[in-house]
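Structural overview
The residues making up each chain are set out below.
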Amino acid sequence: MNISAILDRFGLLGIGLVAFAAVLLALYGLAELASRRDRNRAVAFVFLAPAVLFLLIGLVYPAIRTVVMSFYDAKTENFVGLDNYVWAVTDPDALQILVNTALWIVIVPLVSTALGLVYAVLIDGRAGEKVYKALVFLPMGISFVGASIIWKFVYQYNGTGGEQIGLLNQILVWLGGDPVNWLNAQPWNNLLLMVVLVWIEVGFATVVLSAALKGVPLEIVEAARIDGANPREIFWNVTVPSIRSAIIVVAVTVFIATLKLFDIVRAMTQGHHGTDVLAHNMVEQAFRLFERGRGATLAVLLFLLVVPVVIYQVRNMRRQEMETR
């Protein structure tokens, strides 16, 4: 039986599983043959090797290949050097995408974290606090596509003389105004799309920051009150510094979620009318326009935006560990 027949009979998945099992057995055999002094190290290698192998195949190799592809043309056949990167920073449409992405990663994390913090402070210790948390957390249970469809109905536009089924336009009509095609109106359409992600992420921010508020020592708050501090001074000088690490975690998490944004833009505008962002246009370039070089370039730019935030978060966590020792 030749290799093609084996592939047809068992499939790539079955052969992959068999190969994986063979690798495990081989590694375990090597561990058993190791001396007793190095037994623990060998066993650790046995269990770590498959994970490292999968990371190399599924993460490191694709990342390196993406970087290499960014220096090639649409069909990844001809080397074009930095042409794709020049396109990304000079083409008007590409520049609009970069500006939109910058607005998203600045506005959404700041607004989501700020609203979550304010809401968490307002409901802290109140009767029905759990109910208030559950209500604001409900959007987290909805997919991005589902939330986009809900808000698309809110922004729905049926023409000036038509009956408005969109909530926002119906309110405008009740107030005596004319309906607006919100998703086509620049630059407001970008802000209205951001509302969807903020609506989803505020619940996450509230829950995390509310838990952090429970850890603020009451003795510090009472001491500030005795010293004559008003609620605003207590908030900025006591509460915020005490939960600084939680605020950073929330902001970084929302930042990374915003950079990966695809669903909301795809479901609501498909990137038209000046609403495209990096993650969405990356897919468009690579799989619809078949500009694989440009798609890879946008993927690299997306990665470069994430790296500084990840480095900052790792350093912040290490600093906290040193402080707690």
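Residues numbered from 1 in each chain as written. Predicted model: local features only at pLDDT ≥ 70, side-chain atom pairs only at ≥ 80, totals over all residues. Heavy atoms only, no water.

**Some remarks on the confidence of the model for the protein**
- Within the protein, residue pLDDT values average 84, and 86% of them lie at 70 or more.
- Counting interchain partners and residues more than four positions distant, the pLDDT-below-50 stretch residues 6-10 has 6 contacts. (pLDDT = per-residue confidence, 0-100. Contact = heavy atoms within 4.5 Å.)

**Brief notes about the UniProt feature "transmembrane region" (unreviewed entry) in the protein**
- As recorded in UniProt, the sites labelled "transmembrane region" (unreviewed entry) are residues 12-31, 43-64, 102-122, 134-154, 191-213, 234-259 and 296-315.
- Between the end C-alpha atoms of residues 134-154 there is a gap of 23 Å, over a span that is 71% helix and 0% strand.
- With 96% helix and 0% strand, the stretch residues 234-259 has end C-alpha atoms that lie 34 Å from each other. (UniProt positions renumbered as here; feature names shortened; annotations may be inferred. Helix = DSSP H or I, 4+ residues; strand = E, 2+ residues; numbered from the N terminus.)

**A closer look at the packing of aromatic side chains**
- Tallied over the entire structure, the rule returns 6 aromatic pairs.
- Seen from their ring centres, Phe71 and Tyr85 are 5.6 Å apart, and the 45° between their planes marks the pair as tilted. A residue pair is termed long-range when its members are at least 10 positions apart, and Phe71 in the loop between α2 (39-69) and α3 (83-90) and Tyr85 in helix α3 qualify at 14 residues.
- Assessed through its relative accessible area of 26%, Phe71 is described here as partly exposed.
- Geometrically, the ring pair formed by Trp151 and Trp199 is edge-to-face, given 5.7 Å between the ring centres and 75° between the ring planes. (Phe/Tyr/Trp six-rings, centres within 6.5 Å; stacked < 30°, edge-to-face > 60°. Buried < 20%, exposed > 50% of the residue type's maximum accessible area, 1.4 Å probe, protein only.)

**Brief notes about helix α4 (residues 92-123)**
- The end-to-end C-alpha distance of α4 is 46 Å, a good match for the 46 Å that 32 residues give at a rise of 1.5 Å each.
- Residue Asp91 occupies the N-cap position of α4, its side-chain oxygen lying 3.0 Å from the main-chain nitrogen of Asp93.
- Of the residues one or two after α4, Gly125 is the one with positive phi, at around 75°. (Expected span 1.5 Å × (residues − 1). Polar contact = N/O pair within 3.5 Å; in protein donor to acceptor, adjacent residues only side chain to side chain.)

**Here's the deal with a nonpolar patch on the surface**
- On the surface, Leu48, Val52, Leu53, Leu55, Leu56, Ile57, Leu59, Val60, Ile64 and Val68 cluster together into a nonpolar patch covering about 900 Å² of accessible area.
- Inspection of the secondary structure assignment puts Leu59 in helix α2.
- Residue Leu59 is classed as exposed on the basis of its relative accessible area, which comes to 53%. (Patch = residues over 30% accessible without salt bridge, like charges linked within 9 Å, V, L, I, M, F, W, Y side chains within 5 Å. Areas by Shrake-Rupley, 256 points an atom, 1.4 Å probe, with all protein chains shown as cover. Salt bridge = Lys/Arg side-chain N within 4 Å of Asp/Glu carboxyl O.)

**Side note on the side chain of Gln313**
- As for its placement among the helices and strands, Gln313 is situated in helix α14 (residues 292-324).
- The class of Gln313 is buried, set by a relative accessible area of 13%.
- Discounting residues that sit within four places of it in the chain, Gln313 has contacts with Ile248, Val249 and Val252.

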